[in-house]
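# A closer look at the structure
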Amino acid sequence: MVATYREVPPSARLRRYVECYWSQSQEGPGDHLVLPDGCVDILFSRSGGEPDGLATVGLMTSPLRVPARAAQSYFGVRFRPGMASAFIPGAELLTDETTPLDDLIGRAARRMFERLSESDSLEEMGRLMDLSLRPMNPPDAGERVLWQLQAAEVSAGSSLDEAIAQSGLSVRHFRRLCMERAGVSPKYLSRILRFRKAAQKITASKGISQPSWADFAVSCGYYDQAHLIREFQEFAECTPGRFLQSRRRDLD
């Protein structure tokens, strides 16, 4: 399988909500492994050049191996964790589910499908989504909670407890707002985001050398190597070492 993956950023207006617009196409059949990343995506697909679907892919709690056909391509809108619910009613209820977007936003989804079907490039589709996406409500405390939680995972040395303290909210209120927007608890979402950071770090290393997994675990915010291994077994269904080997095979 030969696959091509690209990303472009959203407009400045949407950057607090949308991580990127992305596309993937492939020339031959083969499986594609999708790992949990804490995000919800809008997914537009084509087979043999013909549009065949527009769906919402909910937050994932385990890896998904997607069988792909030759001449299949995708365009996606990757919302930041918890931010899809600002545009799609009920997005927080779609954990581990893929649902036709038409079922969630009706006529607006059908118009979106028609316009995407007439677009050819990632950049053109991204511009279309820049014009189409409008948050249902102004920014509020729920969005600030999600931003603080993400910042805690990105910043070395930060913790969920610190994010809650900085929010000025009680633990219960912080948790409720996260559940309402992301569909999972702050602790669980933090685990997914920490795993994502570790997986990206392994991928970025391009498999040049075998790291000290104990040091790597601490640098990514895990207690120790055993903690790192348990999380990879849950979210990638393999050890960090196996994951590194798979990245090396992808580069060969």
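Before going into details, it helps to say that this report is about the structure given with it. Since the structure is predicted, the reported quantities are computational estimates derived from the model, not experimental observations. (Residues numbered from 1 in each chain as written. Predicted model: local features only at pLDDT ≥ 70, side-chain atom pairs only at ≥ 80, totals over all residues. Heavy atoms only, no water.)

### So, the overall build of the chain
From N to C terminus, the chain includes 10 helices and eight strands. What you see for the chain is a C-alpha radius of gyration of 19 Å, in line with the 18 Å of a compact globule of 252 residues. Over its C-alpha atoms, taken along the principal directions, the chain stretches across nearly 50 × 50 × 30 Å. Each of the 252 residues in the chain was classed as buried or not, and the buried ones make up 46%. Contacts spanning at least 24 positions in sequence make up 71% of the contacts within the chain whose residues lie at least 6 apart. Of the accessible surface of the chain, which amounts to about 12900 Å², a share of 52% is contributed by carbon and sulfur atoms. Taking the average location of the 32 positive side-chain charges in the chain and that of its 32 negative ones, the two points are 4 Å from each other. (Helix = DSSP H or I, 4+ residues; strand = E, 2+ residues; numbered from the N terminus. Rg over C-alpha atoms; globule rule 2.2 N^0.38 Å. Buried < 20%, exposed > 50% of the residue type's maximum accessible area, 1.4 Å probe, protein only. Contact = heavy atoms within 4.5 Å. Areas by Shrake-Rupley, 256 points an atom, 1.4 Å probe, with all protein chains shown as cover. Lys, Arg positive; Asp, Glu negative; His and termini not counted. Charge placed at Lys NZ, Arg CZ, Asp CG, Glu CD.)

### As for the pattern of salt bridges
Going through the model one piece at a time under the given rule, you end up with 13 salt bridges. Its salt-bridge partner being Glu123, residue Arg6 comes within 2.3 Å of it at the nearest N-O pair. In this pair, Arg6 sits in strand β1 (residues 3-8) while Glu123 sits in helix α3 (residues 122-132), placing the two residues 117 residues apart along the sequence. One salt-bridge network, held together by shared partners, links Glu7, Glu19, Asp37, Asp41, Arg78 and Arg196. (Salt bridge = Lys/Arg side-chain N within 4 Å of Asp/Glu carboxyl O.)

### Considering the side chain of Ser85
If you trace the backbone, Ser85 turns up in the loop between β7 (72-79) and β8 (98-100). Of note is the side chain of Ser85, whose polar atom sits 3.4 Å from the backbone oxygen of Arg181. In this structure Ser85 touches Ala91, Glu92, Met136 and Arg181, once residues within four positions along its chain are discounted. (Polar contact = N/O pair within 3.5 Å; in protein donor to acceptor, adjacent residues only side chain to side chain.)

### A look at the packing of aromatic side chains
Throughout the structure, instances matching the rule amount to 10 aromatic pairs. Summarising the aromatic geometry, the rings of Trp213 and Phe216 are spaced 5.4 Å apart at their centres and angled 85 degrees between planes, so their arrangement reads as edge-to-face. With Trp213 and Phe216 both in helix α8 (residues 213-219), this residue pair falls three residues apart, about one helical turn. Since its relative accessible area comes to 13%, Trp213 is described here as buried. Linked through ring pairs, Tyr188, Phe195, Phe232, Phe235 and Phe243 together constitute an aromatic cluster. Arg16 extends its terminal NZ or CZ atom over the ring of Tyr17, reaching a point 5.9 Å from the ring centre. (Phe/Tyr/Trp six-rings, centres within 6.5 Å; stacked < 30°, edge-to-face > 60°. Lys NZ or Arg CZ within 6 Å of the ring centre and 35° of its normal.)

### Some thoughts on the pairing of strand β5 (residues 50-57)
Examined bridge by bridge, strand β4 (residues 41-47) and β5 share seven bridges and lie antiparallel to one another. Bridged to Ser45 within β5 is Gly53. Across three bridges, the pairing between β5 and β8 is antiparallel. Counterpart to Thr56 in the pairing with β8 is Thr99. (Pairing = 2+ DSSP bridges.)

### Observations regarding helix α2 (residues 107-117)
Of all the positions in α2, only Ala109, Met112 and Leu116 are classed as buried. Projected onto a plane normal to the axis of α2, the buried residues spread over an arc of 60 degrees and lie on a single side. Turned more than 90 degrees off the buried face of α2, the exposed positions are Arg107 and Glu114. Considering only its buried residues, α2 is in contact with β4, β5, β7, α1 (102-105) and α3. (Arc of directions from axis to C-beta.)

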